[in-house]
Amino acid sequence: MDHAPVDLDHRPRAAGGFGTITLAALLLTVAVTAWWWVVPPDVLIGGAPRDLRQLGAGALIALPPATVAVAGAAWWAGRHAPGPWRLWRQAALTAGLFAALLLLTAPLHGGVRAALRATAVEPNLAAVRYDTSCLPIFSDAQCRQAQDALAGADAGTVARAHHEMLARTGHSVADHAAMSAPFYASLDEPGRPAAAYAVQDAFLVLLVALPPMLLVLFLARRRGTLRPGRGRTRWVAVAGVIVLVVAGNVALSRAATAAVVPFSTALNIPPVLTDATITIQMRQAGVQIMPTGPATQMWTYNGLFPGPIIRRPSGQATRITFQNNLPAAAGQVTIHQHGGHSRPTEDGQPNTQLIGPNAQRTYVYDNVEAGAPERAVTQWYHDHRMDVTGRNIWNGLVGMLILDDAVDSALPLPRDQFDVPLIIADRTFDANNQIPYDFRLFGTVGNTWLVNGRPQPFFDVADRRYRFRILNAANRRPMTLALSNGAAMTQIGTESGLLPAPVPRTSITLQPAERAEVVVDFNGLLGQNLVLLDTATSGTNGNPPRELIQFRVDRDVPTDPSAVPATLRPVPPLPAPTRDRQFVLRLQNGRWTINNQTFDPDRIDADPVRGTTERWTFFNVSPSPHAIHLHDVDWRLLSRFRVAGTNGNPTVGAALPVPPAEAGLKETFLVPQGQGISVATTFNDNLGEYVFHCHMLEHEDLAMMGRFVVRAA
Ligand SMILES: [Cu+2]
């Protein structure tokens, strides 16, 4: 290596000192970036490749273009680039050649991505289940608490417990992997041009290559192989390159993850099925969720996401035949009519009465409650299969079900086209607009919010009242809804129908599976645009509120016949409870437990007698909130409180206020960490077996579920 200063204004030698340094730096760069370049981000967990196979595959594929690029650049620099800018020219040419070669080898990328994802994701599922990495929604203290709770368990213990759990529910880890692999493979259908990946990859490589390039410049300067040039010009050039590379990455990553121009597509309103006999086909279908790029391959009801809305008069039986034409990877499925007072055989049990591949099952919903028509209500139907509910719902098996009755219809609330469903859920889209599912111990969240299955739609409204039936259909994400003008929404209903009286609310927090029916009055806002926000994550990490849907008040109506009465619908009387049960929610050995136990189909956790009233108290001493969902009957919230005592023996501490919006009937309740709730119900309905569980779906899939059996008096 030649350490002597070189007069770069003269014709240079082909491979002088700076050339050697540059060559070494570029090889280092190639090695560092290889895995990043070739391994798609959705295969990575926690930002690192899972194993050496991925690293090796990345390096192998990066090597040929890198070698050609370095050789070509050295040749060119040695002949044609005299002067102080030779180093820069060399770097720029190397980058350009690299990008061009990536483009030329683009078809290879898609295949490698598909192969890596198919082989890497599912076999690691069991390991991922015990991933303790924290989501941004948790505080550092909560993360530490979770990690402490898991620290005591060795991997073998955790794995054995998991195997036992899977075995009890009729699954093995191998089954699980085998079931899911074809689904992930099927996601890699041609859509986004391979060249688009390559351009994006090239920018990624440049981003990573930038620091070593700067280091080379610095070293060359120090060693005197680069003559001091015009300093200002050089650093302007440095800044220019940095800006270009960073801007390219930002632009391309946005284009790749969510090519969404806010409020550029109209609100999707699913078709409404009203017949007494309905057939719904479950199948994989491409759904055009993103306004540009390929359709998203999803598991759907009738090819739709969300599925069709089922709207029926209460008290009239509805027979729905669900045909399982999903890919074999889906395995057996089951459908829960969430909120319904269904008989046990019709409730969508998680581990029995399943619908196998290419089989079908007819569910009969009586829509009757204690012998009378059910209260009018916004319910939903979704998959409930043990272990994989999170995956199945994430993949699309979700739809809304509405029951109407005379009491609700007699009120002057907005109706017909002014009565609008808003099903909100989050998903993470990859560069190909697909949504590979990534199981997380604390629950899987997405980075793109969807309203009725579309990102950031707009909805043209008249200057009058609208009734919105809002469902949080997310796997794990709680949402806090607010209007951008700060105005109050009038909440009129919960998961179990109308409230006793309307409640004005400037923000409404919904846990997964919770519903809120609200009336929004657009009167006086003609010509204005309002946005429904999720403010739940704003304030942390400086995130702005998420903009979910834009309401454009684009037309005037002379009169608004609707109104929100001062009283809506009384709740039925609740007799004094005659039986108390207590349930403690914990995180133990990587599993979410209820009274130190996970789901066991052979164990009964509560056996209430029909006709009696019970009070159930839940204590949350785990490091996550939970959303407790109780099947079959509707419940009343008696109290919220802080947990006192110890984690081993929690007791009821200081009372917390019960919000007026929780004064109605409900079946899904938030239990924040360190807090508890008491709820009560009269088991006045069906006999038989039901489940209760956390509705944060990954908690549920880790078997945070119990069984109760309603016995005859
Ligand atoms: Cu939970």
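Preceding block: the structure.
Because the structure is a prediction, the values reported are computed rather than measured.

Caption draft 1: Focus on the overall build of the protein. Looking only at helices and strands, the protein has 13 helices and 35 strands in total. Counting only residues that meet the buried cut, the protein has 55% of its 713 residues in that class. The contacts in the protein between residues at least 6 apart in sequence include a share of 79% that link residues at least 24 apart. As displayed, the protein has an accessible area near 26,900 Å², and 59% of this comes from carbon and sulfur atoms.

Caption draft 2: Main features of the pairing of strand β24 (residues 546–555). Of the pairings in the sheet, the one linking strand β16 (residues 457–462) to β24 comprises five bridges and is parallel in character. Bridging from a neighbouring strand, phenylalanine 459 pairs with phenylalanine 551 of β24. The pairing of strand β23 (residues 529–534) with β24 spans six bridges and is classified as antiparallel. Across the sheet, the residue bridging to leucine 530 is phenylalanine 551, located in β24.

Caption draft 3: Region of interest: the coordination of the copper ion. Binding of the copper ion to the protein goes through His626 (ND1), Cys694 (SG) and His699 (ND1), at separations of 2.0 Å. Motif for the copper ion, donor spacing along one chain: H-x67-C-x4-H. Linking histidine 626 in strand β28 (residues 626–630) with cysteine 694 in strand β34 (residues 688–694), this pair joins segments that are 68 residues apart in sequence. Across the pair, exposure class does not vary: histidine 626 and cysteine 694 are buried alike.

Caption draft 4: How the structure looks around the pattern of salt bridges. Applying the stated rule across the entire model yields 23 salt bridges. Between aspartate 426 and arginine 477 there is a salt bridge, and its shortest N-O distance comes to 2.8 Å. Pair noted here: aspartate 426 is in strand β13 (residues 419–427) and arginine 477 is in the loop between β17 (465–472) and β18 (479–483), with a separation of 51 residues, a long-range link. For aspartate 426, a relative accessible area of 0% translates into the label buried. Arginine 477 sits in the buried class, given a relative accessible area of 7%. The partner of arginine 640 in a salt bridge is glutamate 662, and the shortest N-O contact between them spans 2.9 Å. Remark: glutamate 662 occurs in the loop between β30 (650–656) and β31 (665–666) and arginine 640 occurs in strand β29 (residues 635–645); sequence separation between them is 22 residues. An identical accessibility class is assigned to arginine 640 and glutamate 662; each is buried.

Caption draft 5: Up close: the sheet that holds β13. Ordered by their spatial adjacency, seven strands build an open sheet running β15-β14-β13-β17-β22-β19-β20, and the pairing between neighbours is mixed. The two strands at the open ends of the sheet, each matched to only one other strand, are β15 (454–455) and β20 (497–505). Relative to strand β22 (residues 515–521), β17 runs antiparallel, the two sharing seven bridges. Paired with phenylalanine 468 across the bridge in β22 is valine 518.

Caption draft 6: Molecular detail of the packing of aromatic side chains. With the rule as written, the count across this model stands at 28 aromatic pairs. Plain terms: the ring middles of tyrosine 363 and tyrosine 365 are 6.1 Å apart, the flat faces sit at 15° to each other, and that makes the pair stacked. Taking relative accessible area as the criterion, tyrosine 363 reaches 1% and is therefore assigned buried. With a centroid separation of 5.2 Å and an interplanar angle of 85°, the aromatic rings of phenylalanine 442 and tryptophan 592 are classed as edge-to-face. Of this pair, phenylalanine 442 sits in the loop between β13 and β14 (448–451) while tryptophan 592 sits in strand β26 (residues 591–594), placing them 150 residues apart in sequence. You'll find phenylalanine 442 and tryptophan 592 in the same group, each marked buried. Clustering of aromatic rings is evident, with ring pairs tying together Phe583, Trp616, Phe618, Trp635, Phe683, Tyr690, Phe692 and Phe708. Note that arginine 427 overlies the ring of tryptophan 394, its terminal NZ or CZ placed 5.0 Å from the centroid. One residue, arginine 552, lies across the ring of phenylalanine 458, its end atom 3.9 Å from the ring centre.

Cut-off values and rules
- Residues numbered from 1 in each chain as written.
- Predicted model: local features only at pLDDT ≥ 70, side-chain atom pairs only at ≥ 80, totals over all residues.
- Heavy atoms only, no water.
- Helix = DSSP H or I, 4+ residues; strand = E, 2+ residues; numbered from the N terminus.
- Buried < 20%, exposed > 50% of the residue type's maximum accessible area, 1.4 Å probe, protein only.
- Contact = heavy atoms within 4.5 Å.
- Areas by Shrake-Rupley, 256 points an atom, 1.4 Å probe, with all protein chains shown as cover.
- Pairing = 2+ DSSP bridges.
- Donors = N, O, S within 2.8 Å, 3.2 Å for Na, K, Ca; no water.
- Salt bridge = Lys/Arg side-chain N within 4 Å of Asp/Glu carboxyl O.
- Phe/Tyr/Trp six-rings, centres within 6.5 Å; stacked < 30°, edge-to-face > 60°.
- Lys NZ or Arg CZ within 6 Å of the ring centre and 35° of its normal.

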